[in-house]
Amino acid sequence: MIKNFVYTALATAAIILLTSCNSQPCNIVQGEVWLDTAGNPINAHGSGMLYHDGVYYWYGEYKKGETILPEWATWECYRTDVTGVSCYSSTDLVNWTFEGIVLSAVKDDPTHDLHPSKVLERPKVIYNSKTQKFVMWAHVESADYSKAAAGVAVSNSPTGPFTYLGSFRPNNAMSRDQTLFVDDDGKAYQFASSEHNASRYINELTDDYLQPTGRYTRNFIDMSREAPAVFKKDGKYYMLSSGCTGWDPNQAELAVADSIMGQWTAIGNPCTGVDADKTFYAQSTYVQQVYGKKDLYIAMFDRWNKTDLEDSRYVWLPIEFDNDKITIPWRESWSMDEYENQR
């Protein structure tokens, strides 16, 4: 009883430290329960982020209810029923307001991609300045993981609701773990694990961001990478990813390219410090540039709890740049106030 009380007190203190301070400095503490501004645990896993009109929007899988392992499973495909995609908003990346479920499960149609019995993973949202629409792509699956498709939804607002348009396999190829990236010229791309996760497809998107154009590249053939997170720095493109070991942690890898549709070269594990060989017991999901801070990019990871997915936690770490050397050092906690303001 005393041990549980002490643990609860320490966890509560860490939670308060992360999310309840409304003035900087305020530390980001790894792996604790992070609370939103209403005092509820933030529930946004396999997430992506959008910066729009001075506000950051954090989208993720809303994991709710019992975690199950299907009786037919031959691998650890733990899941919860599909609830939908959550959205949180913030101006400082520390205090997050819950905006609701912006893409909801469809409970009355067992054949629908968003039925609770299906799988919905890794939602990412980008803004199309031409159509003035917010476009979401996600990995959608049948219950047995045989669908391997991308689902697309649109909204007039970053906080939804999003209207689901349907699913397909981009360029007739499997699409599992995925992310989106919009380049400086407004062209958008989907990065997806394909061919039973053996390779990575980079699919150029149409001007409305709703379909692939048919132009694509196959990358990292037979290298089995998933959980892609893409960013651009000083004219070069970078892709952070994990190996394929289910819910269990493995070593991260960073790759670089001079152009998105060009040659990608793996440059090794950027993580350093304690448990760097296991990506700090976490898995990549997104990289977010912090606007107004010089050279501050946050590598976002999920620390999965495979038998209680709702209780999975978050690890956010600043990326360090030293000329061509890029590292993600372990830090138990850190503050954005440590970083120089952009002039």
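Look up: the structure comes first, before these words.
Parameters at a glance
The written sequence of each chain sets the order in which its residues are numbered from 1. Local features in this predicted model are restricted to residues of pLDDT 70 or higher, and side-chain atom pairs are both shown and tallied only at a pLDDT of 80 or more, whereas totals for entire chains, interfaces and linings draw on every residue. Heavy atoms throughout the structure, all of them, feed into the side-chain values; hydrogens and water do not. Numbering of helices and strands runs from the N terminus; a helix is a DSSP stretch of H or I covering at least four residues, while a strand is a stretch of E covering at least two. Between the two quantities, the radius of gyration covers C-alpha atoms and the globule rule is 2.2 Å times the number of residues to the power 0.38. Relative accessibility thresholds used throughout: buried, under 20% of the residue-type maximum; exposed, over 50%; partly exposed, between the two (1.4 Å probe, protein chains only). What makes two residues a contact is simply this: any of their non-hydrogen atoms within 4.5 Å. Computed with a 1.4 Å probe, the accessible areas rest on the Shrake-Rupley method; for each residue, only the protein chains presented here act as cover. Residues scored as charged are limited to Lys and Arg (positive) and Asp and Glu (negative), so that His and the chain ends carry no count. Lys charges are placed at NZ, Arg charges at CZ, Asp charges at CG and Glu charges at CD. A pair of strands is treated as paired once DSSP finds two or more bridges between them. Here, nonpolar core refers to any group of buried Ala, Val, Leu, Ile, Met, Phe, Trp, Tyr and Cys residues whose side-chain atoms link them within 4.5 Å. Any carboxyl oxygen of Asp or Glu within 4 Å of a side-chain nitrogen of Lys or Arg constitutes a salt bridge here. Any pair of Phe, Tyr and Trp rings, taking the six-membered ring for Trp, is counted once the centres come within 6.5 Å. Such a pair is stacked with planes under 30 degrees apart, edge-to-face with planes over 60 apart, and tilted for the rest. By the criterion adopted, a ring carries a charge over it if an Arg CZ or a Lys NZ lies within 6 Å of its centre and within 35 degrees of its normal. Residues are said to line a cavity or pocket when one of their atoms sits within 4 Å of a point; the points come from a 1 Å grid over protein atoms alone, cavities being sets where a 1.4 Å probe fits but cannot get out and pockets being open sets with protein on both sides within 12 Å along at least five of seven lines. Grid points are joined across faces, edges and corners, and a volume is the space filled by probe spheres set on the points. Three categories are distinguished: nonpolar for Ala, Val, Leu, Ile, Met, Phe, Trp, Tyr, Cys and Pro, charged for Asp, Glu, Lys and Arg, and polar for the others, with Gly belonging to the last. Axis geometry follows a simple rule: fit a line to the C-alpha atoms, using only the stretch in contact for helices, then measure angles between N-to-C directions, giving values from 0 to 180 degrees.

1. Digging into the overall build of the chain
Right, so step 1: Looking only at helices and strands, the chain has one helix and 24 strands in total.
Right, so step 2: Relative to its length of 343 residues, the chain is compact, with a C-alpha radius of gyration of 19 Å against a globular reference of 20 Å.
Right, so step 3: The principal-axis extents of the C-alpha atoms in the chain amount to approximately 55 × 50 × 40 Å.
Right, so step 4: Expressed as a percentage of the 343 residues in the chain, the buried residues total 55%.
Right, so step 5: Considering only contacts in the chain between residues 6 or more positions apart, those separated by 24 or more positions represent 49%.
Right, so step 6: When the accessible surface of the chain is summed, it comes to about 15000 Å², and 48% of that surface belongs to carbon and sulfur atoms.
Right, so step 7: Across the chain, the mean location of the 30 positive side-chain charges is 2 Å away from that of the 44 negative side-chain charges.

2. Considering the sheet that holds strand β23 (residues 325–329)
The strands that make up a sheet are held in pairs by hydrogen bonds between backbone atoms, and each pair lies either parallel or antiparallel.
Right, so step 1: The three strands are arranged β18-β23-β22 in an open sheet whose pairing can be described as mixed. Edge positions in the open sheet fall to β18 (271–272) and β22 (320–322), since each of these has one partner strand only.
Right, so step 2: Bridge count for β22 against β23 is three bridges, and the pairing is antiparallel. The residue of β23 that forms the bridge with Asp322 is Lys325.

3. A word on the nonpolar core
Right, so step 1: Judged by nonpolar contacts, the single largest core of 23 residues is most densely connected at Met49, Trp58, Trp96, Trp316 and Met336.
Right, so step 2: Looking at this core, the elements with two or more residues in it are β3 (55–61), β20 (297–303) and β21 (313–318).
Right, so step 3: Setting aside anything within four residues of it in sequence, one finds Trp316 in contact with Ile28, Gln30, Trp34, Met49, Trp58, Leu93, Trp96, Ile298, Ala299, Met300, Phe301 and Trp334.
Right, so step 4: With 21 residues, the next largest nonpolar core counts Val85, Phe134, Met136 and Ala153 among its residues.

4. A few points about the pattern of salt bridges
Right, so step 1: According to the stated counting rule, one finds 20 salt bridges in the structure shown.
Right, so step 2: Notably, a salt bridge pairs Glu204 with Lys187, separated by 3.9 Å at the nearest N-O pair. With Glu204 in strand β12 (residues 199–205) and Lys187 in the loop between β10 (178–182) and β11 (188–194), this residue pair connects regions lying 17 residues apart in the sequence.
Right, so step 3: Residue Lys187 is classed as partly exposed on the basis of its relative accessible area of 21%.
Right, so step 4: Here Lys233 ties to Asp295 by a salt bridge, and the two come within 3.5 Å at their closest N and O atoms. Of the two residues, Lys233 sits in strand β14 (residues 225–233) while Asp295 sits in the loop between β19 (283–289) and β20, which places them 62 residues apart along the sequence.

5. Some details on the packing of aromatic side chains
Right, so step 1: One pass over the structure, following the stated rule, counts 26 aromatic pairs.
Right, so step 2: Taking the centre distance of 5.1 Å and the plane angle of 90° together, the rings of Trp34 and Trp316 count as edge-to-face. With Trp34 in the loop between β1 (28–29) and β2 (45–52) and Trp316 in strand β21, the pair connects residues that are 282 residues apart, well separated along the chain. In this structure, Trp34 and Trp316 share a single accessibility class: buried.
Right, so step 3: An aromatic cluster of at least three residues, connected via ring pairs, comprises Trp34, Trp58, Tyr62, Tyr88, Trp96, Phe98, Tyr314 and Trp316.
Right, so step 4: The residue whose ring lies beneath Lys233 is Phe321, and the NZ or CZ to ring-centre distance is 4.7 Å.

6. Focus: the layout of surface pockets
By rolling a water-sized probe across the atoms, one finds the places where empty space is left.
Right, so step 1: Its volume calculated, the largest pocket comes out at about 630 Å³.
Right, so step 2: Taken together, 23 residues form the lining of the largest pocket, with Phe181, Val182, Asp183, Tyr286 and Tyr291 sitting closest to its centre.
Right, so step 3: For the lining of the largest pocket, the elements supplying multiple residues, two or more each, are β2, β6 (119–128), β10, β14 and β19.
Right, so step 4: A per-element tally of the lining of the largest pocket places β19 first, with four residues.

7. Points about empty space enclosed by the protein
Right, so step 1: The final tally for this structure, using the stated rule, is two cavities of 30 Å³ or more.
Right, so step 2: Approximately 130 Å³ is the volume found for the largest cavity.
Right, so step 3: In terms of lining, the largest cavity is formed by 17 residues, of which the most central are Glu61, Lys63, Thr80, Val82 and Leu120.
Right, so step 4: Counting residues per element, the lining of the largest cavity draws most heavily on β6, which supplies three residues.
Right, so step 5: For the lining of the largest cavity, the residue count by class is eight nonpolar, three polar and six charged.
Right, so step 6: Considered as a void within the structure, the second largest cavity measures approximately 40 Å³ in volume.

8. A look at the sheet that holds strand β7 (residues 133–141)
Right, so step 1: Pairing is antiparallel in the open sheet, where four strands are placed in the order β6-β7-β8-β9. If you trace the sheet from one side to the other, it starts and ends with β6 and β9 (163–168), each paired once. With direction set aside, neighbouring strand axes in the sheet form an average angle of 20°.
Right, so step 2: As paired strands, β7 and strand β8 (residues 149–155) are joined by seven bridges and run antiparallel to one another. Each bridged residue has a counterpart across the sheet, and for Val140 the counterpart in β8 is Ala149.

Read these as spatial facts, not as claims about activity.
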